[in-house]
Amino acid sequence: MLWTLRRPTVEGVRVLAFNAQGHLLMQRHSYGSDDWMFPGGGMDRGEHPLAASERELREETGCRLTGAREIQTVVEDLFGATNIVHVVIGRTDSTPVPDGREVIEAGFFPLDALPEPMTQDLRQGLQVWMETYRRASGQGTPTLK
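Residues numbered from 1 in each chain as written. Predicted model: local features only at pLDDT ≥ 70, side-chain atom pairs only at ≥ 80, totals over all residues. Heavy atoms only, no water.

What about the pattern of salt bridges?
Summed over the entire model, instances satisfying the criterion amount to 11 salt bridges. The shortest N-O distance in the salt bridge between Glu76 and Arg14 comes to 3.1 Å. In this pair, Glu76 is assigned in strand β4 (residues 66–78) and Arg14 in strand β1 (residues 9–18), connecting sequence segments 62 residues apart. Here Asp44 ties to Arg55 by a salt bridge, and the two come within 3.9 Å at their closest N and O atoms. Taken together, the residues Asp44 in the loop between β3 (40–42) and α2 (49–61) and Arg55 in helix α2 connect sequence positions 11 residues apart. (Salt bridge = Lys/Arg side-chain N within 4 Å of Asp/Glu carboxyl O. Helix = DSSP H or I, 4+ residues; strand = E, 2+ residues; numbered from the N terminus.)

Concerning the side chain of Arg14
Judged by its relative accessible area of 15%, Arg14 falls in the buried class. Side chain to side chain, Arg14 and Glu76 meet in a polar contact 3.1 Å long. If we skip the residues at most four places from it in the chain, Arg14 touches Phe38, Pro39, Gly40, Glu76, Val85, His86, Val87, Val88, Leu122 and Trp129. (Buried < 20%, exposed > 50% of the residue type's maximum accessible area, 1.4 Å probe, protein only. Polar contact = N/O pair within 3.5 Å; in protein donor to acceptor, adjacent residues only side chain to side chain. Contact = heavy atoms within 4.5 Å.)

Here we look at the environment of His29
Among the structural elements, His29 can be located in strand β2 (residues 24–29). The class of His29 is buried, set by a relative accessible area of 9%. Distance from His29 to Leu50, taken between C-alpha atoms, is 22 Å for residues 21 residues apart in sequence. Here His29 is in contact with Met37, Glu60, Glu102, Val103 and Ile104, once residues within four sequence places are set aside. Engagement of the side chain of His29 in a polar contact is seen with the side chain of Gln27, the distance being 3.4 Å.

Some details on the layout of surface pockets
To find leftover empty space, one rolls a probe the size of a water molecule over the atoms. In this model, the largest pocket occupies a volume close to 970 Å³. Around the largest pocket, the lining comprises 30 residues; the ones closest to its centre are Arg14, Met37, Glu76, Leu78 and Asn83. Among the elements of the structure, β1, β3, α2, β4, β5 (81–91) and α3 (120–137) are those that each provide at least two residues to the lining of the largest pocket. Across the lining of the largest pocket, the residue classes break down as 12 nonpolar, 10 polar and eight charged. (1 Å grid on protein atoms, 1.4 Å probe; cavity = no way out; pocket = protein on both sides within 12 Å on 5 of 7 lines; lining within 4 Å. Points joined across faces, edges and corners; volume = space filled by probe spheres on them. Nonpolar A, V, L, I, M, F, W, Y, C, P; charged D, E, K, R; others polar.)

Re the pairing of β5
Buried residues dominate β5, accounting for nine of its 11 residues. Direction of pairing for β1 relative to β5: parallel, over a ladder of 10 bridges. Bridging across to β5, Val10 finds its partner in Asn83. In this structure, β4 lies alongside β5, joined through 10 bridges in antiparallel fashion. Its bridge partner being in β5, Glu70 is matched across the sheet by Val88. Counting the residues in the hairpin turn of β4 and β5 gives two residues, including Phe79, whose phi is positive at 50°. (Pairing = 2+ DSSP bridges.)

Next up, the structure:
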C-alpha cells in the first residue's frame, strides 16, 4: 500500500546476452509468472548500469558478460512506481547455471525460435532493441570480443 502511495522511482537493468552462435540467453523465475524473460534486476545506489548488468547476469545464471553496451533506457510502470530500465547488450561464452533460488531455468535460444510463454511487450521490445543495436553498430547479433 505504501508503495502505491509513495510512487517511488526504481532503477534496474535488462540484459540481452548472446552466445557465439548468436543465440539469446533467457530465463524463468521461481516467482511471479511462468514467462520467459531476460536476466536483469535492480541497481544498487550509485551502481553503473554496465556493472549492474554484469553482476545480475553472474548472480542469476553464473554467466560472465563481455563487450557490454547500453543500447537504450526504457521507463516502465512497476506496480505504481516508475521503473527506469537500462537495456544492455553483450556476449557470454559461459554455460548458464540457474541459481536455483531466483532462477529455475535458463538457456540460449535462436532469435527466430524464442521460448513460450513470453510477453508481447518483451517480444516487441526485443525487436526495437535489436534494431537500435544494428543501427548503432552495423552488426546483426553481438560478436563482441
